[in-house]
Amino acid sequence: MSARDKGAVQHLDSNSAGRDKGAVEASVVAEAAAATTSVGWTRSLTPSPVRPSYKSGFARSSAESAYPGLWDGLIAGYVPQMGATGDTLRNLAGRNHGTLTNMDPATDWVVSRKGLVLDLDGTDDHIVLTGLSSTSQSYSFVSQWFKTSASGYLWDIQSGRLVISAEHNVTGLGFYDSAWTSLSGNLLNSTWYHTVITLNSESNAAIGYVDGAETGNTTAYNVHHDISGNVSLGAKHDGAAPRFGGQFGTFLLYDRVLTPVEVRQLYRDPLAPFRQ
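Okay, so let's go over this structure. Everything numeric here is computed off the predicted structure, so don't read it as measured data. (Residues numbered from 1 in each chain as written. Predicted model: local features only at pLDDT ≥ 70, side-chain atom pairs only at ≥ 80, totals over all residues. Heavy atoms only, no water.)

### A closer look at the environment of Val 79
Turning to step 1, where the next piece is worked out: Position of Val 79 among the secondary structure elements: in the loop between strand S1 (74–78) and strand S2 (88–89).
Turning to step 2, where the next piece is worked out: C-alpha separation for the pair Val 79 and Phe 251, spaced 172 residues apart in sequence, amounts to 6.5 Å.
Turning to step 3, where the next piece is worked out: Once residues within four sequence positions are removed from consideration, Val 79 is found in contact with Tyr 54, Leu 89, Arg 90, Leu 92, Gly 249, Thr 250, Leu 271 and Phe 274. (Helix = DSSP H or I, 4+ residues; strand = E, 2+ residues; numbered from the N terminus. Contact = heavy atoms within 4.5 Å.)

Shown next, in the form of structure tokens:
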């Protein structure tokens, strides 16, 4: 991490120590109010100068970002909070956009306490991601602000069947490669969470974070995976159950291991990579 990045993170830490979740929620709701569609349909929302959004502008690369270090290794950035985009979920880190499947763009983009989010019914709603690939085998899966109404897969990657899942009231956050490994306690239904799972192929370490704090770690990441084939958000890679029911705001995928400082930074500001 560069000196500039460290300074920015330290500044963020020192100025965020007393900031409560209510202030964060007020900010992201304002951002949702600023967001409008750029594909397919129009949403009537109160204008706001808050950035970033598709309407008001955003960083499209590390060169434009106020936090360039958070672009290092970013291979997927699916960010509903930036604005509604019809039946396409844009990947801000590449051209591998997602397709809303069995969903209605007119009703499944909704404004929530956490800003603009997508609403999945837990029955057949999911997002199909095409063309994602990486041979890193070390990853960070960042699920920024989601709440569950039905247990199901957050990510499912066909290659090696790597699954990142959230099971409310049961086993919490965890992953599956050759067996299920839990990395948190129970996740409550209808409660907003910010989660991160990091997988390190060199040390076999897997670490889980909920709301910026570490909740579990293990050296059970023994079956390392490339990313290829079908990838889904909210269902198995082929769209089958178990499907995720609830709402989510942002999914980021890195082909490297995020540091605890970076995890806390994304918890406090999920849109940090895209701020100019």
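### Considerations on the nonpolar core
Turning to step 1, where the next piece is worked out: Membership of the largest hydrophobic core comes to 38 residues, with the highest contact counts inside it found for Leu 89, Leu 118, Ile 127, Trp 155 and Phe 248.
Turning to step 2, where the next piece is worked out: Setting aside residues up to four positions removed in sequence, Ile 127 forms contacts with Leu 89, Gly 98, Thr 99, Leu 100, Met 103, Leu 118, Leu 120, Val 231, Ser 232, Leu 233 and Phe 248.
Turning to step 3, where the next piece is worked out: If you look at the next biggest cluster of nonpolar residues, it comprises 20 residues, including Tyr 54, Tyr 254, Ala 272 and Phe 274. (Core = buried A, V, L, I, M, F, W, Y, C linked by side-chain atoms within 4.5 Å. Buried < 20%, exposed > 50% of the residue type's maximum accessible area, 1.4 Å probe, protein only.)

### Section: the pairing of strand S14 (residues 213–218)
The side chains of a regular strand alternate, first on one face of the sheet and then on the other.
Turning to step 1, where the next piece is worked out: Where strand S13 (residues 206–210) lies against S14, five bridges are found, and the strand directions are antiparallel. The residue of S14 that forms the bridge with Gly 208 is Gly 216.
Turning to step 2, where the next piece is worked out: Counted between consecutive antiparallel strands, the loop separating S13 from S14 contains two residues, among which Asp 211 sits at a positive phi close to 55°. (Pairing = 2+ DSSP bridges.)

### Brief notes about the pairing of strand S5 (residues 115–121)
Turning to step 1, where the next piece is worked out: Here S5 lies mainly inside the structure; five of its seven residues are buried.
Turning to step 2, where the next piece is worked out: The pairing of strand S4 (residues 109–112) with S5 spans four bridges and is antiparallel. Looking across to S5, one finds that Ser 112 is bridged to Gly 115.
Turning to step 3, where the next piece is worked out: Taken together, S4 and the strand that follows it, S5, pair antiparallel across an intervening segment of two residues.
Turning to step 4, where the next piece is worked out: Direction of pairing for S5 relative to strand S16 (residues 245–254): antiparallel, over a ladder of four bridges. When the sheet's bridge partners are listed, Asp 119 is paired in S16 with Gln 247.

Coordinates in, geometry out; function isn't part of it.
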